[in-house]
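# Architecture at a glance
Listed below, chain by chain, are the residues.
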Amino acid sequence: MSAAIVSTNPPPMPAPAEETDELDVGAERREWVVPLTAHGERLDKWLTSELPAFSRSYLQQLIEQGAVLVQGQPAAKPALKVKAGWGVSVELRPSEQASAFLPEALPIDTVYEDEHLMLVNKPAGWVVHPAAGNWTGTLLNALLAYHSQAKHLPRAGIVHRLDKDTSGLMLVGKTQAAVEALVKMIAERRVHRIYWALAHGRVPVPEDTQERWIDQPVGRDPRNRVRMAVVPEGGVGGKPAQTLVHRVESQPAYSCVGCKLKTGRTHQIRVHMAWLGHPLVGDVLYGGKSALGLTRQALHAYRLVLDHPISGQRLDCKAPLPTDLIQAATQAGLDYNAINRWQPDTTDLSAGQALPSNLD
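This section reports on the structure supplied with the text. (Residues numbered from 1 in each chain as written. Predicted model: local features only at pLDDT ≥ 70, side-chain atom pairs only at ≥ 80, totals over all residues. Heavy atoms only, no water.)

## Some details on the overall build of the protein chain
Tallying secondary structure elements over the protein chain gives seven helices and 16 strands in all. Buried positions account for 48% of the 360 residues belonging to the protein chain. Here the analysis covers contacts within the protein chain between residues at least 6 apart in sequence; of these, 68% occur between residues at least 24 apart. Only carbon and sulfur atoms are counted for the fraction: they give 52% of the accessible area of the protein chain, which is about 16800 Å². (Helix = DSSP H or I, 4+ residues; strand = E, 2+ residues; numbered from the N terminus. Buried < 20%, exposed > 50% of the residue type's maximum accessible area, 1.4 Å probe, protein only. Contact = heavy atoms within 4.5 Å. Areas by Shrake-Rupley, 256 points an atom, 1.4 Å probe, with all protein chains shown as cover.)

As C-alpha cells, then:
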C-alpha cells in the first residue's frame, strides 16, 4: 500500500517555470481505432467520451479546422457517423479562446504541488475562469503565468470550479495526462471534496449519526435564471445531486456543518442547504442573511482526499479557514476548528453505488 501524503502546510513553492522555446512544444496528436461499441456514433460525441477533459464544442472546432482525421482524411463534419475499425486521429491545439487569455503574474497559495498537479487554496472573491465582466485577474490567468505548459491544457489545467465567493481547495493538473486522469476520477467519485459551512439555525440531523444525505436534483431556477434550485424529479434541466451534511456544532441560531459532495452541481451545497431551510450565512442569493460580519457565503472547501493519478499515493490536504470565517464562527459561539473531529468516509463512491437509506 502506498504511503499517504498528509498536508496542512504547503511544501516550499518552486519558482514559477520560465517561458522558454524549449518547453513550448507543438500540438499533441492522439490516435484511436474505433471499437465495435462505438459503431454508428457521431464523431464529436465519441471523441468527447475519449477525451473527457475537453468540451464537445472545442472538439467540434477542431473538426471544423481540419485537425481531426478519419481514415487519413480531414473529417467532413462533427455529425459524421463513425464505423468500427476506422482510424481516427486528433491534433490537440490550444483553443482560440484559451489563446486569447493573457498570463498574469498573480500570487497563488499552493497547499501541495509536484510535477503532475497542484492543490490551490483559492481566496474568496477570486474568479476561477475568465468570463464576461472578469476577463482578467482570474486563477486561469495566474496559471498561464505560473508554468509554461498551462497554455497547452484545457482551461489551463483547472478540472473543477469553486464559486467566486467560496474559498478553499481546488485541484489543478499540470500535464495532459494528469488533467485527463483527474477529470475521470472526479466523474467516477474518486475525489473526495469536503467543505466547512456555517448555516442559519440548528440543522436537523439524526442524533445517532449527526449526519444526513440530501438527494435532491438541482437545475436552473425557472423563476430566476441567475439562481439554481431543487427541481422536481424529472423536471426540465434537473440533474441528480447528492450532498452528505454532518452537523459539527450547533446552537439555536447557527450551525457549523461539514458537507461532502457525491456530485458537483453548480451551487449544490448552497441550494441543498436552502432547500433544507437552513441557508448559509451571508448567502443572500439563496435566502441567507448578511450576519456575523460576513459579506459572502460562509462556505470553504477545506479538505481534498484522492489517490494521486500518477503515483497512486494518497493525498489528504487541508486548507485552513480564512480569517472572516474564523471570526464569524467565534462570534456565533461555535468552535470553527471542531470539523477536524469529523472523519467522513473517504473510500471511493462509484457512480453506481447505492446511497444510505437516510435520504431526503
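## A short note on the packing of aromatic side chains
The final tally for this structure, using the stated rule, is two aromatic pairs. Seen in terms of ring centroids, W32 and W46 are 5.9 Å apart; in terms of plane orientation they differ by 70°. Their pairing is edge-to-face. Pair noted here: W32 is in strand 2 (residues 28–33) and W46 is in helix 1 (residues 43–50), with a separation of 14 residues, a long-range link. (Phe/Tyr/Trp six-rings, centres within 6.5 Å; stacked < 30°, edge-to-face > 60°.)

## Examining the side chain of E113
The residue E113 is located in strand 6 (residues 110–113) in this model. When its relative accessible area of 13% is taken as the criterion, E113 is described as buried. Looking at E113, its side chain comes within polar contact range of the side chain of Y146, at 2.7 Å. A polar side-chain atom of E113 sits 2.7 Å from a polar atom in the side chain of K174. (Polar contact = N/O pair within 3.5 Å; in protein donor to acceptor, adjacent residues only side chain to side chain.)

## Some thoughts on helix 7 (residues 323–331)
Turning to helix 7, its buried residues number three or more, namely L325, A328 and A329. Buried residues along helix 7 cover an arc of 95° about the axis, so they all sit on one side. Turned more than 90 degrees away from the buried face of helix 7, the exposed residues are T323, Q327, T330 and Q331. Just beyond helix 7, the residue with positive phi is G333, at close to 80°. (Arc of directions from axis to C-beta.)

## Considering the side chain of R212
The residue R212 is located in strand 10 (residues 211–215) in this model. Take R212: its relative accessible area is 14%, and that puts it in the buried class. Looking at R212, its side chain comes within polar contact range of the main-chain oxygen of P204, at 2.7 Å.

## Looking at the pattern of salt bridges
Using the criterion set out here, one finds 16 salt bridges in the structure. Put simply, R270 and D163 hold a salt bridge, and the shortest N to O gap is 2.9 Å. Of this pair, R270 sits in helix 6 (residues 268–275) while D163 is found in the loop between helix 4 (139–146) and strand 8 (167–173), placing the two residues 107 residues apart along the sequence. Here D221 and R223 are joined by a salt bridge, their closest N and O atoms 3.7 Å apart. For D221, a relative accessible area of 3% puts it in the buried group. (Salt bridge = Lys/Arg side-chain N within 4 Å of Asp/Glu carboxyl O.)

## Considerations on the sheet that holds strand 2
Spatially, 2-5-3-4 is the arrangement adopted by the four strands of the open sheet, whose pairing is antiparallel. Two strands close off the open sheet at either side, each with one partner strand: strand 2 and strand 4 (73–74). Pairing between strand 2 and strand 5 (residues 87–92): six bridges, direction antiparallel. Among the inter-strand pairings, V33 is bridged to a residue of strand 5, identified as G87. Lying over the sheet, helix 1 contacts strand 2, strand 3 (68–70) and strand 5, oriented at roughly 70° with respect to strand 5. Helix 2 (residues 56–64) rests against strand 3 and strand 5 of the sheet, and its axis sits at about 105° to strand 5. (Pairing = 2+ DSSP bridges. Axes fitted to C-alpha atoms, helices over the stretch in contact; angles between N-to-C directions.)

## Digging into the packing of helix 1 against helix 2
Between helix 1 and helix 2, the least distance of the axes is 9 Å, while the angle of their chain directions is 120°. When the axes of helix 1 and helix 2 are compared, the pair comes out oblique. When the axes of helix 1 and helix 2 are compared, the crossing they make is right-handed. Here helix 1 contributes L43, D44, K45, L47 and T48 to the contact with helix 2, which in turn contributes R56, L59, Q60 and I63. Residue classes in the contact of helix 1 with helix 2 are distributed as four nonpolar, two polar and three charged. (Parallel < 35°, antiparallel > 145°, perpendicular 65-115°, else oblique. Left-handed = near helix turned anticlockwise from the far one by under 90°. Nonpolar A, V, L, I, M, F, W, Y, C, P; charged D, E, K, R; others polar.)

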